[in-house]
Amino acid sequence: MTACAAMAATAAAPVIAVDGPAAAGKGTLARRLAAHLGLPYLDTGLLYRAVGRRVLDAGADLRDPAVAEATARALSPADLDRPDLRSAEAAAAASAVAAQAGVRAALLDWQRDFGRAHGAVLDGRDIGTVVFPDAQVKLFITASAEERARRRFLELTAGGAVAEPAQVLAELRARDAQDAARAVAPMKPAEDAVLIDTTSLDADAAFARAVEVVQEKIGPRGRDLV
Ligand code: DC
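Residues numbered from 1 in each chain as written. Predicted model: local features only at pLDDT ≥ 70, side-chain atom pairs only at ≥ 80, totals over all residues. Heavy atoms only, no water.

Undergrad: Sorry if this is basic, but what is going on with the overall build of the protein here?
TA: Each helix and strand counted, the protein has ten helices and five strands in total. Here the C-alpha coordinates of the protein stretch approximately 50 × 35 × 30 Å along the principal axes. Per-residue burial over the protein gives 47% buried out of 226 residues. In the protein, the share of contacts with a sequence separation of at least 24, taken over all contacts with a separation of at least 6, comes to 77%. Here the protein displays about 10300 Å² of accessible surface, and carbon together with sulfur accounts for 56% of that area. (Helix = DSSP H or I, 4+ residues; strand = E, 2+ residues; numbered from the N terminus. Buried < 20%, exposed > 50% of the residue type's maximum accessible area, 1.4 Å probe, protein only. Contact = heavy atoms within 4.5 Å. Areas by Shrake-Rupley, 256 points an atom, 1.4 Å probe, with all protein chains shown as cover.)

Undergrad: Quick question: what am I supposed to make of the site of the ligand here?
TA: Taken together, 15 residues are adjacent to the ligand, and R49, R104, R175, D179 and R182 come closest. Between an oxygen atom of the ligand and a side-chain N or O atom of R104, the distance comes to 2.8 Å. Side-chain polar atom of R125 to an oxygen atom of the ligand: 2.8 Å apart, as the coordinates give it. For the ligand, whose accessible area on its own is 450 Å², the fraction buried by protein is 97%. For the shell around the ligand, the elements supplying multiple residues, two or more each, are helix 3 (45–57), helix 5 (88–98) and helix 9 (165–181). (Near = heavy atom within 4 Å. Polar contact = N/O pair within 3.5 Å; in protein donor to acceptor, adjacent residues only side chain to side chain.)

Undergrad: In this structure, what is going on with the sheet that holds strand 1 (residues 15–19)? I would like to understand it.
TA: Strands in a sheet are paired, the pairing made by backbone hydrogen bonds, and the direction either parallel or antiparallel. Strand order in the open sheet formed by five strands is 2-3-1-4-5, with parallel pairing between adjacent strands. Whereas interior strands pair on both sides, the edge strands pair on one side only; in this sheet they are strand 2 (41–43) and strand 5 (194–197). Going from strand to strand, the sheet's axes swing by 20 degrees on average, the running direction of each strand aside. Bridging between strand 2 and strand 3 (residues 120–124) involves three bridges; their strand directions are parallel. Bridge assignment links D43 to a residue of strand 3, and that residue is D123. Set on the sheet, helix 2 (residues 26–37) makes contact with strand 1, strand 2, strand 3 and strand 4 (137–142); between it and strand 3 the angle comes to about 175 degrees. (Pairing = 2+ DSSP bridges. Axes fitted to C-alpha atoms, helices over the stretch in contact; angles between N-to-C directions.)

Undergrad: Is there a simple way to think about the packing of helix 3 against helix 5 in this case?
TA: In a pair of packed helices, the angle between the axes and the distance between the axes together describe the arrangement. The interhelical angle for the contact between helix 3 and helix 5, taken along N-to-C directions, is 100 degrees, at an axis separation of 7 Å. Taken together, the axes of helix 3 and helix 5 lie roughly perpendicular to each other. The residues of helix 5 that touch helix 3, namely those facing Y48, R49, V51, G52, R53 and L56, are E89, A90, A91, A93, A94, V97 and A98. Within the contact of helix 3 with helix 5, the residues separate by chemical class into nine nonpolar, one polar and three charged. (Parallel < 35°, antiparallel > 145°, perpendicular 65-115°, else oblique. Nonpolar A, V, L, I, M, F, W, Y, C, P; charged D, E, K, R; others polar.)

Below is the structure:
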């Protein structure tokens, strides 16, 4: 059995929390880390996007807590495969429903069950603070708002969307503010999170730094794996 397979098979396989604001590079990094360590990966933002999308489809009010919670409780894995979850509209809807305590409670067990089964890398906003406060490794990935908006603009236009740079920046700032100011599970670094600022790091450099942190935190087992 390889070291990676051995790690994935052990009951005590680690949970790695990767939090941070939109477009800081946490998704790319978390996915790569998971593949490298042989751990399952969950993009928790997709859960909130899928809830927001379904509320929009139903023509309901995103700020109606009963509707949003019922939608979160009825979420199925197939909802995460929808091709329309990456739009700016889905992001804004996700941020709105994510501010509601009932929605967060409905999605909590889902995320915990995923991570507890075989260990996992999860990315989101509250993984290190609320979902897995005991995660063995906690990373908080950030970058300047301008750099994140530049990346998001390139991503949107590469996907064929029509976007305006100033509007992308404004939407990103509004979403950051909403995610950081909400009363329940606001976006913030866990006290024991390691911050990685990717403003002037490319994806490879950010990944190398993350691997270093994993090795420091999980010790010899981490060293076996990388
Ligand atoms: O990571 P993302 O951009 O796909 O997330 C979309 C929204 O979902 C984000 O603005 C806030 C919310 N979210 C959250 O509140 N908690 C998470 N763990 C993940 C996402």
